[in-house]
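These are the residues of each chain, in order.
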Amino acid sequence: MTAAPLLEVRNLRVEFPTRRGTLVALHDVSFSIAPGEILGVVGESGAGKSMTGAAIIRLLEPPGRIAGGQILLEGRRIDNLSQDEMRRIRGRRIGAIFQDPLTTLNPLYTVGRQLTETMQTHLDLSNSEARKRAIDWLEMVGIPAAAQRIDSYPHEFSGGMRQRVVIALALCAEPRLVVADEPTTALDVSIQAQVIALLKRLAREKNTSMMLVTHDMGVIAETADRVAVMYAGRVVEIGPVREVVKHPHHPYSIGLMNSIPPLDHRVERLAQIDGAMPRLNAVPPGCPYNPRCPKVFDRCIVERPDLLDAGSTSAACWLYDRAEAPHV
Amino acid sequence: MFAFILSRLLQALPVMLVVALIAFAMFAYVGDPVSIMLGQDFTEAQRDALVRDLGLDQPFFVQFARFVGNAVQGEFGLSYRLSRPVAELIAERAPATLELASCAAAIALFVGVPMGVFTGLYRRSWLSRFFLTFSLIGVSLPTFLIGILLILIFSVWLGWLPSFGRGEVVQIGAWSTGFLTGAGLKALVLPSITLGLFQLTLIMRLVRAEMLEVLRTDYIKFARARGLADRTVNFGHALKNTLVPVITIAGLQFGSIIAFAIVTETVFQWPGMGLLFIQSVGAADIPVMAAYLMLIALVFVAINLVVDLLYFAVDPRLRADRGAVRGT
């Protein structure tokens, strides 16, 4: 990246103190997002994708807490800000889109009211200006007859339309970055493509960066500029989207991409990765993927790899340690 | 909306008729009104004449219809004990009970709701724990004991507040109020606390439970992710979503406050309807008892209607007349 990154996450560590000791949910997570860039974050359920997003906007479910590392927005640390300073960043500088549009909107307020209150919290707008802008936003996200629908309640919209409203809410104070946590998972397949296309278009138009969390590789391939693959609370591979999808380096990424069924020919059996991701209290020493890895060797069991240069991408795998390189 | 109110009123009709039937049955089965009115010495002819005058020789349904007809006009006959029209007696006593009940309800709401919000937001603070312990006392101590304890402390030991009666009242038309004089207000303090304490703790616990539920929802998390101020989120978005169950309970409780002010009125010798009722029970004064029964039933029916209308005001999803889900 030549431009200074908009968001930089350095060695982020998130812990959950429990009665039986501390669980480490995120381990040394580092990545950056350039202005206008869309970073896809993929991985199985529980890999820490959503938690990374929640940590960035500092809305971790208690008792989860950031235990180490730094988060920088436009070069300024935001992980140590007070709650009140952080509140002014949420919505204004970093917007958020949640998974389920049916539960994300307050059922007792009209969509117009939810839009205007968000804008008026962050921007200096009169009531009539805010209302006008709210109608503009509803039009921008493709809600027909926006001027009439502004006074409708969330239950009067369908799921896809509600997610459009949520997108308008996330973008209406014009943040530089949007954290979209599985924005299409709860939607019908036919609506998913529309919503993703809308998100992509708005991000380009407003030059907004996006962190797109999903487990849908199709969405990533279509939308993202770069991809981070997460496994057991760590980033195991990161690189340009085409490289990660077409030529993944980390054995886990390879398994993940192979498990997408090909469309051009029939297969007898779908490829799968044997075993399951370890629970947080049972992550093995060394590389967390070692029990499932087809290419495991001695070093993987004792020593944990950091992200290493693997050519077109970076992968946290000893296979790419130049000093080692046993049988690539 | 109008059709809804009309259907609700039609539903209330059978309820009121059944209550009227019970009230009417008291005349027939609790003592014989004819022998009560004639006293010790009478001839058979006198007795027959009175039975005919009172219409007691007519069939049951005719008698019942006449009772209902009179009741609709507020005509319940003469009190056996005081030989005055029952309607007049009740009208005289109603202001005392209504003022006491509204003070108690106001205390329960304006103290109970904020306490519930507080204990819901700051679950772990020592003040929340204190409120919860205190509410257990409120729920478990019987009303008369609380009343007697308050009298002991504030009237006998400290001598700050009167232990009985309404103090000075000012007559405004047919309404006698204690709100306008210092002595009247002072006299209200102890009885309204006694009457409102149970409802206060109930409302507090209900609001707390609802707040805990609502604060976990996605739309509250999303409201925070939009950077709204904590006050707006907690007292706007969250509290409003707890209101439907709170209105239900508070409405029913207001009915019971009026109906069961009997104990409090007895402890404090408060000259309200409850005290009138207890004295009437002692003297088997059936007309007063019948009228009281019907009045309380009417109060409950009316409150239920108001509660239903408040639902519409709070929750847009119930406003069917806005039309079903529009568009897609």
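- Within an unreviewed UniProt entry, the label attached to chain B reads ABC transporter, permease protein 1 (Cluster 5, nickel/peptides/opines), and the organism entered is uncultured Acetobacteraceae bacterium.
- Quoted verbatim from the Sequence similarities (unreviewed entry) field of the UniProt record, the comment on chain B reads "Belongs to the binding-protein-dependent transport system permease family."
- One UniProt comment on chain B, placed under Subcellular location (unreviewed entry), says "Cell membrane".

**As for the overall build of chain A**
So, step 1. Looking only at helices and strands, chain A features twelve helices and twelve strands.
So, step 2. Over its C-alpha trace chain A gives a radius of gyration of 21 Å, about what one expects of a compact globule, namely 20 Å for 328 residues.
So, step 3. Counting only C-alpha atoms, chain A reaches 70 × 50 × 45 Å along its principal axes.
So, step 4. The 328 residues of chain A split such that 55% are buried.
So, step 5. Residue pairs at least 24 apart in sequence account for 64% of intrachain contacts in chain A once pairs closer than 6 positions are excluded.
So, step 6. For chain A, the exposed area adds up to about 14,700 Å²; of that, 49% sits on carbon and sulfur atoms.
So, step 7. Within chain A, one finds 38 positive and 37 negative side-chain charges whose respective centroids are separated by 3 Å.

**Notes on the UniProt feature "domain: ABC transmembrane type-1" (unreviewed entry) in chain B**
So, step 1. Residues annotated in UniProt with the feature "domain: ABC transmembrane type-1" (unreviewed entry) correspond here to residues 94-311 of chain B.
So, step 2. End-to-end, the C-alpha atoms of residues 94-311 of chain B are 28 Å apart, and along that stretch the chain is 79% helix and 3% strand.

**Topic: the nonpolar core**
So, step 1. The biggest cluster of nonpolar side chains holds 106 residues, and the ones touching the most others in it are Leu-7, Phe-31, Ile-94 and Ile-167 of chain A.
So, step 2. Filtering out sequence-adjacent residues up to four positions away, Ile-167 of chain A remains in contact with Ile-97, Val-141, Val-195, Leu-198, Leu-199 and Leu-202 of chain A.
So, step 3. In this structure, Met-26, Phe-27, Ala-71 and Leu-195 of chain B belong to the second largest nonpolar core, which totals 49 residues.

**Some thoughts on the sheet that holds strand S8 (residues 209-213) of chain A**
All names here are of chain A.
So, step 1. Ordered in space as S6-S7-S8-S3-S9-S10-S12-S11, the eight strands form an open sheet in which the pairing is mixed. With partners counted over all chains shown, the strands left at the sheet margins are strand S6 (94-97) and strand S11 (308-309), one partner each.
So, step 2. The pairing of strand S3 (residues 38-42) with S8 spans four bridges and is classified as parallel. Following the sheet pairing, Leu-39 is matched in S8 by Met-211.
So, step 3. Lying on the sheet, helix H7 (residues 159-171) is in contact with S6 and strand S7 (177-181); it crosses S6 at an angle near 170 degrees.
So, step 4. Strands S3, strand S9 (226-231) and strand S10 (234-240) of the sheet are contacted by helix H11 (residues 251-258), whose axis makes an angle of about 105 degrees with S9.

Rules used in this analysis
- Residues numbered from 1 in each chain as written.
- Chains lettered and ligands numbered in written order.
- Predicted model: local features only at pLDDT ≥ 70, side-chain atom pairs only at ≥ 80, totals over all residues.
- Heavy atoms only, no water.
- UniProt positions renumbered as here; feature names shortened; annotations may be inferred.
- Helix = DSSP H or I, 4+ residues; strand = E, 2+ residues; numbered from the N terminus.
- Rg over C-alpha atoms; globule rule 2.2 N^0.38 Å.
- Buried < 20%, exposed > 50% of the residue type's maximum accessible area, 1.4 Å probe, protein only.
- Contact = heavy atoms within 4.5 Å.
- Areas by Shrake-Rupley, 256 points an atom, 1.4 Å probe, with all protein chains shown as cover.
- Lys, Arg positive; Asp, Glu negative; His and termini not counted.
- Charge placed at Lys NZ, Arg CZ, Asp CG, Glu CD.
- Core = buried A, V, L, I, M, F, W, Y, C linked by side-chain atoms within 4.5 Å.
- Pairing = 2+ DSSP bridges.
- Axes fitted to C-alpha atoms, helices over the stretch in contact; angles between N-to-C directions.

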